[in-house]
Amino acid sequence: MDQKKILVVYFTQSGQMLSIARQFCEPFSSDPNYNVTFEELKPVSPYPFPWSAFTFFNGFPEAFYEKPIELMPFSDKLNDRYDLVILAYQPWFLTPSPVFSTFLQSDAGKKVLGGTKAVTLIGCRNMWLGAQEKVKKRLKTAGSELVANVALVDRSPNVVSLVTILRWLLWGRKEKFWVFPAAGVSEEDVAVSSKYGQIIKDALNDNKWAAVQQKLNDNGAVDVLPNLVLMESRGQRAFGIWSRFIGGAPIGSLSRKIRVYIFMFLLPTAVVILSPILAIVSTLMLTLKKEELLRDVNYFKGNALR
Ligand SMILES: Cc1cc2nc3c(=O)[nH]c(=O)nc-3n(C[C@H](O)[C@H](O)[C@H](O)COP(=O)(O)O)c2cc1C
């Protein structure tokens, strides 16, 4: 058998996305029939980690409307052709992180993806549906076929993971404390992600992709919760308005600062208030508008673009 070539494109701040990508790729890396190449994306001006609250929220408008940033030059590995490209990315503000958005919009990104099958591998808190829609559109533009998606999330309740992730991102403290679990994707979930890699490997071997997403979903690779579908669709709409409001003021101006501070206060408050309300609404909708909501849930579990 000819050696098959896999490209893994990734970006990470804390290292979480890289551990997920490594574990996921284990079935490929441990098999001499596969050649796995990792390409790390790096911004020219690194983002802080941990973040200051202001810098975190100040980056929101440009991230949300996918404004390209300056990246370090890509390596020559991107000039090669691959049997499969794995995009290991994280959402920022319901959008692929700016580093990844930039890659997907770049000529080199479109070239390596064009005519090639792609798998998305997401590592995030729990809100990735909108980001994935934006990635699907970029892949379509590049002429790449999205054959599978795996989304590893923090499985804690929404408000709990909001507290732990803000503590992690703003103070650098990931470990569990008081009644709260450790932040991020659990070590157990990272550890088992090689089984999803194995499913992809089998599909690539047989070149049979039709049932692969269903198989991944049956094994827990993608879980779409109805209340988060509702939360994200409201979030996308609200973020559209907020990004225009904050982004409307020049970066560095007093007006921008004031707008960022208002957003910084309102966003976590909205999540805390809306989470329990939307959990109730989604339970109601599952009785009243069951078909509509379940149609959305099923759509987000798949790779089609509507
Ligand atoms: C600026 C920023 C915005 C984020 N927005 C989201 C989001 O919209 N949805 C989500 O599930 N996670 C969000 N996260 C969490 C990331 O997706 C990711 O899980 C976390 O930053 C760790 O990834 P790393 O491998 O880059 O360290 C955000 C993180 C950052 C830094």
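Residues numbered from 1 in each chain as written. Predicted model: local features only at pLDDT ≥ 70, side-chain atom pairs only at ≥ 80, totals over all residues.

Near the ligand, the surroundings consist of 18 residues, among which Ser14, Met17, Gln90, Cys124 and Arg125 are the closest. When residues of the shell around the ligand are traced back to their parent elements, those giving at least two are helix H1 (16–24) and strand S4 (91–92). Counted by class, the shell around the ligand contains ten nonpolar, seven polar and one charged residues. (Near = placed C-beta within 6 Å. Helix = DSSP H or I, 4+ residues; strand = E, 2+ residues; numbered from the N terminus. Nonpolar A, V, L, I, M, F, W, Y, C, P; charged D, E, K, R; others polar.)

With respect to the helices and strands, Leu230 occurs in helix H12 (residues 226–247). The partly exposed category is assigned to Leu230, around which 19 C-beta atoms lie within 10 Å. Separated by 67 residues in sequence, Leu230 and Val297 have C-alpha atoms that sit 9.9 Å apart. Excluding residues that lie within four positions of it along the chain, Leu230 makes contacts with Leu278, Val281 and Ser282. (Buried ≥ 20, exposed ≤ 12 C-beta atoms within 10 Å, placed from the backbone. Contact = placed C-beta atoms within 7 Å.)

A cis amide bond links Phe49 with the next residue in sequence, Pro50, at an omega value of 0 degrees. For Pro50, the position within the fold is in the loop between strand S2 (34–40) and helix H3 (53–58). With phi around 50 degrees, Phe93 is a residue other than glycine that occupies positive phi space. Note on placement: Phe93 falls in the loop between S4 and strand S5 (95–96). Using a count of 24 C-beta atoms within 10 Å as the deciding quantity, one classes Phe93 as buried. Although it is not a glycine, Trp178 adopts a positive phi angle of roughly 45 degrees. Its place among the elements puts Trp178 in the loop between helix H8 (158–171) and helix H9 (187–191).

When you tally the buried positions in strand S6 (residues 117–123), you get seven out of seven residues, the bulk of the element. What you see with S6 is no split at all: Lys117, Val119, Leu121 and Gly123 on one side and Ala118, Thr120 and Ile122 on the other are buried throughout. Here six bridges tie strand S3 (residues 84–89) to S6, and the two strands are oriented parallel to one another. For Tyr89, the partnering residue across the bridge sits in S6 and is Ile122. Note that S6 and strand S7 (residues 145–152) share seven bridges and pair parallel. Within S7, the position partnered with Gly123 by the bridge is Leu152. At this point the chain moves from S6, through helix H7 (residues 129–142), to the parallel S7, and the crossover so formed is right-handed. (Pairing = 2+ DSSP bridges. Right-handed = clockwise from strand over helix to strand, strands pointing away.)

The sheet built from five strands is open, its strands ordered S2-S1-S3-S6-S7 with parallel pairing. Sheet topology places S2 and S7 at the edges, where each strand pairs with a single neighbour. In this sheet, neighbouring strand axes are inclined to one another by 20 degrees on average, regardless of whether the strands run parallel or antiparallel. (Axes fitted to C-alpha atoms, helices over the stretch in contact; angles between N-to-C directions.)

The next thing to look at is the domain arrangement of the chain. Domains assigned within the chain are domain 1 (4–223) and domain 2 (227–298). Computed over C-alpha atoms only, the centres of domain 1 and domain 2 are separated by 22 Å. Listed by partner, the interface residues are 18 residues for domain 1 and 16 residues for domain 2. Of all the secondary structure elements, the ones that give two or more residues to the side of domain 1 that touches domain 2 are H3, helix H4 (60–64), H7 and H8. Along the lines of polarity and charge, the residues of the side of domain 1 that touches domain 2 split into 13 nonpolar, four polar and one charged. (Domains from an automatic or database assignment.)

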